[in-house]
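# Coordinate analysis (summary)
Read off the chains here:
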Amino acid sequence: MTSLLFFLGTGAFVADSPVPPNTSQQIALKRPVDLPPLPHRMGEGPLTLVDGWELESDNSDFGGFSALHAMGGGRLLALSDAAILAGFTMRDGAIAHDSFVAPLPVRKGERSTKYDQDSESLAHDPVTGRFWVGFEQRHRIRRYSPGFARAEATGRPAAMADWPKNGGAEAILRRADGSFVVFAESHRVEPGVTAGLIFAGDPAEPGTKSRSFAYRPPEGYRITDITALPDGRLLALHRRFSFVSGVSAKIGVIKAQAVFPGAMVTPRVIATLEPPLPVDNMEGIAVEREGGKTIVWIISDDNFLIVQRSLLLKFEFSEVRASPRP
């Protein structure tokens, strides 16, 4: 009888215990049912949709991607708005190779809460290998050592102090000259215009000063990420949600010299993603070179909801220029 009670008691204890999180490191790919025949030219602009997938993983922390970075050779890093980093290499259409899902290092005194870990943007220095992450809620920019081994420094720029808690550093870019450009998601400076900051130095170093510019996204849209083309121009990703028309995204080009202190920056829209094309809450954009071609990657934030998807779309960027007259 004692043995029976022991096993019954053990069973009751296990049943009442919390289910441990799934720590699977595998990321699977599947084709979206709404993927059009490929390649699919995006209107008259320079983008052609060449492939697309839905990303899936059993890992409990997988999803919610708000930023994307291309390391080269098909290696992608996707950062969620819960400070979770997912890495994988795209080499075929069935498996994401060399994948991992892991949290960013947490600084002393912080907790794994939305208030402390609402990461929204990602930048990288290919020379030093360091990364920078922009956080909302508690507005700050943090620098990480190569491989995200540790957090090195954290800046809390005074110019970001009054930004909306859920509308902070949505996009961040490290330029070739070592300066940084930061775009606010929803801090308005006038109707339809949001704030931007330029840091001549490292924004993760306390006391680094910034100068402001203004950004006019496409009407009804908010910027969600920024990246650079090989020639220095910028590609900006924007999203919109409407209960009437649903979700859509717009991709715009910005001249490199257009972003300077005091400027009013307006992107030139080159493509719109909307149904029946595969589209969700598009939040991350990255660029890399592949066999002489310029490739643009876009990823979506599923908000950790089963009714949304973690989409990864692959585009080729190619501008056909007219031949000069003899």
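The model shown is predicted, which means the values in this text are computed figures rather than measured ones.

What follows covers the pairing of strand β5 (residues 75-80). Among the six residues of β5, five are classified as buried, and the element is accordingly described as predominantly covered. Here strand β4 (residues 65-72) folds back onto β5, and the loop between the two strands holds two residues, one of which, Gly-73, carries a positive phi near 65°. Sheet topology note: the β5/strand β6 (residues 84-90) ladder contains five bridges and is antiparallel. Following the sheet pairing, Ala-78 is matched in β6 by Ala-86. Hairpin geometry of β5 and β6 is characterised by an intervening segment of three residues between the two adjacent antiparallel strands and by a positive phi of about 60° at Ala-83.

Before going further, it helps to examine the layout of surface pockets. What the largest pocket holds in volume is close to 690 Å³. Lining the largest pocket are 27 residues, with His-69, His-124, Leu-173, Arg-174 and Ala-228 positioned closest to its centre. Those elements that place two or more of their residues in the lining of the largest pocket are β4, β8 (119-124), β12 (169-174), β16 (222-228) and β21 (282-290). By residue number, the principal contributor to the lining of the largest pocket is β21, which donates five residues. Broken down by class, the residue content of the lining of the largest pocket amounts to 18 nonpolar, four polar and five charged. Approximately 480 Å³ is the volume attributed to the second largest pocket. Taken together, 23 residues line the second largest pocket, and the ones lying closest to its centre are Arg-239, Phe-241, Asn-281, Glu-283 and Asn-303. Mapped by element, the contributors of at least two residues to the lining of the second largest pocket are β17 (234-242) and β18 (246-254). Top element by residues in the lining of the second largest pocket is β17. It accounts for three residues. For the lining of the second largest pocket, a count of residues per class yields four nonpolar, six polar and 13 charged.

Considering all chains together, one arrives at seven aromatic pairs under this definition. Geometrically, the ring pair formed by Phe-62 and Phe-65 is edge-to-face, given 5.1 Å between the ring centres and 80° between the ring planes. Judged on exposure class, the residue Phe-62 and its partner Phe-65 are both buried. Ring pairs connect the aromatic residues Phe-131, Tyr-144 and Phe-148, which therefore count as one cluster. A cation sits over an aromatic face here: Arg-140 above Phe-135, 4.3 Å from the ring centre. A cation sits over an aromatic face here: Arg-142 above Phe-135, 5.6 Å from the ring centre.

Calculation rules
- Residues numbered from 1 in each chain as written.
- Predicted model: local features only at pLDDT ≥ 70, side-chain atom pairs only at ≥ 80, totals over all residues.
- Heavy atoms only, no water.
- Buried < 20%, exposed > 50% of the residue type's maximum accessible area, 1.4 Å probe, protein only.
- Helix = DSSP H or I, 4+ residues; strand = E, 2+ residues; numbered from the N terminus.
- Pairing = 2+ DSSP bridges.
- 1 Å grid on protein atoms, 1.4 Å probe; cavity = no way out; pocket = protein on both sides within 12 Å on 5 of 7 lines; lining within 4 Å.
- Points joined across faces, edges and corners; volume = space filled by probe spheres on them.
- Nonpolar A, V, L, I, M, F, W, Y, C, P; charged D, E, K, R; others polar.
- Phe/Tyr/Trp six-rings, centres within 6.5 Å; stacked < 30°, edge-to-face > 60°.
- Lys NZ or Arg CZ within 6 Å of the ring centre and 35° of its normal.

Such coordinate-based values are descriptive only and should not be taken to indicate function.
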